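# Tertiary structure, described
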Amino acid sequence: MKLNRYVFVTLSLFLIAMPYALGHVTGASLQNFQYNADLVAVAPIVDGYLDDPVWEKVIPGKLDQDLISGDHLPESPDFSGSFAAVWRNGFLYVAIKILDDQFETHQKKLAREDHIILHIDPHHSGRKDALYRFEIPIHKEMGTLKSPLTRVAWGNDGQTCELSFRLDDLARKGNVIGFDIAYNDVDNGQLQHKIGWAPEGYTEEDEFLPDLIFTARIEPNQQQKLVQWGHIKSLY
Ligand SMILES: [Ca+2]
Ligand SMILES: [Ca+2]
């Protein structure tokens with residue numbers, strides 16, 4: 001019996017360790033990895049500058065996972081990146097902050113310059129889909145935008161960015177979509193790193209997406225009343 005128990009424990013440990021040994025994160029490992037996008041009373045102005053009051057109160061997600069090696073990336077002067085997201089009236093707003101010691105923005109091909117890769121999974125299939133993959137070059141005007149992306153604006157010489165996605169009814173309290181964001185760091189025309197917001201062990205090979213949850217700490221109606229009350233109060 002002792003031997004059986006030993007075999008069972010060994011097998012269990014092996015099964016627990018297996019996803020990490022393979023260098024892949026399973027869907028289950030993403031369960032506790034999510035971003036809570038909160039409802040805001042006033043939408044941010046999508047101008048690339050993060051001076052809107054809503055961005056002062058949000059909890060950012062960090063871009064600190066090396067998507068090639070699967071390792072956690074230590075803090076470094078070469079790169080730091082973070083994002084935050086809020087929602088209002090059917091729109092998801094995303095703010096991005098990037099510090100890169102060498103911005104590469106004047107190449108003809110996207111692969112040879114710094115860019116952001118973003119996935120949205122509006123119907124929460126859990127997986128990445130090319131249809132909802134957005135490649136956003138740093139500090140550049142973009143032509144026609146692919147739906148549901150409605151606006152991209154840069155500020156501070158490409159160090160800050162604001163985006164908006166029109167999700168209509170999908171942006172509602174308690175709803176969940178798939179979401180991820182990564183930065184492809186190119187220096188001298190060569191790709192150096194792919195750094196993403198993801199749990200440890202996650203690589204670009206993983207097809208699963210983390211969750212983004214639409215939260216509302218104040219009921220929408222209640223909040224609207226508060227805003228109206230704010231307007232009334234300001235008259236006096
Ligand atoms: Ca702004
Ligand atoms: Ca770079």
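Per-chain numbering applies: the sequence of each chain, read as written, is numbered from 1 onward. In the order they appear in the text, chains get letters beginning with A and ligands get numbers beginning with 1. For a predicted model such as this one, the threshold for reporting local features is a pLDDT of at least 70, and the threshold for listing and counting side-chain atom pairs is 80 or more; totals across whole chains, interfaces and linings nevertheless cover every residue.

Let us now look at the environment of L118. Helix numbers and strand numbers start at the N terminus; a helix is a DSSP run of H or I with at least 4 residues, a strand a run of E with at least 2. Within the secondary structure, L118 sits in strand β6 (residues 115-121). Measuring from C-alpha to C-alpha, the distance between L118 and I136 comes to 7.9 Å, with 18 residues separating the pair along the chain. Residue pairs qualify as contacts under a 7 Å threshold applied to their C-beta atoms, which are placed from the backbone. Not counting residues within four places of it along the chain, the set of residues in contact with L118 comprises F134, I136 and I181.

So, about the pairing of strand β5 (residues 91-100). Counts of 20 or more other C-beta atoms within 10 Å of a residue's own C-beta define buried residues, counts of 12 or fewer define exposed ones, and intermediate counts define partly exposed ones; C-beta atoms are placed from the backbone. Burial runs high along β5: 7 of the 10 residues are buried. Being paired, for any two strands, means DSSP has found at least two bridges between them. The pairing of strand β4 (residues 79-88) with β5 spans 10 bridges and is antiparallel. Counted as the bridge partner of A85 is V94 from β5. With antiparallel pairing between neighbouring strands as the criterion, β4 and β5 make up a hairpin whose turn holds 2 residues, including N89 at a positive phi of roughly 50°.

Core analysis: the biggest nonpolar cluster contains 43 residues, and A37, F83, A85, L92 and V94 have the highest contact counts within it. Mapped onto this core, the elements with two or more residues apiece are β1 (34-39), β4, β5, β6, β8 (149-155), β9 (160-166), β10 (176-187) and β12 (211-215). Only buried Ala, Val, Leu, Ile, Met, Phe, Trp, Tyr and Cys residues enter a nonpolar core, and they are joined through C-beta atoms within 7 Å.

Attention now goes to the confidence of the model for the chain. For the chain, the mean per-residue pLDDT works out to 86, and 80% of the residues sit at or above 70. For the chain, per-element mean pLDDT is lowest for helix α1 (residues 2-21), which scores 50, and highest for β9, which scores 98. Taken together, the stretch residues 13-26 has pLDDT below 50 and engages in 14 contacts with residues farther than four places along the chain or on a different chain. As a per-residue quantity, pLDDT reports the predictor's confidence and falls between 0 and 100.

The next subject is the pairing of strand β11 (residues 190-196). Pairing analysis gives 2 bridges linking strand β3 (residues 65-66) to β11, with the strands arranged antiparallel. The partner of Q65 across the bridge, within β11, is G196. Looking at chain direction, β10 and β11 are connected through 6 bridges and run antiparallel. By the bridge assignment for β11, A182 is matched with G196.

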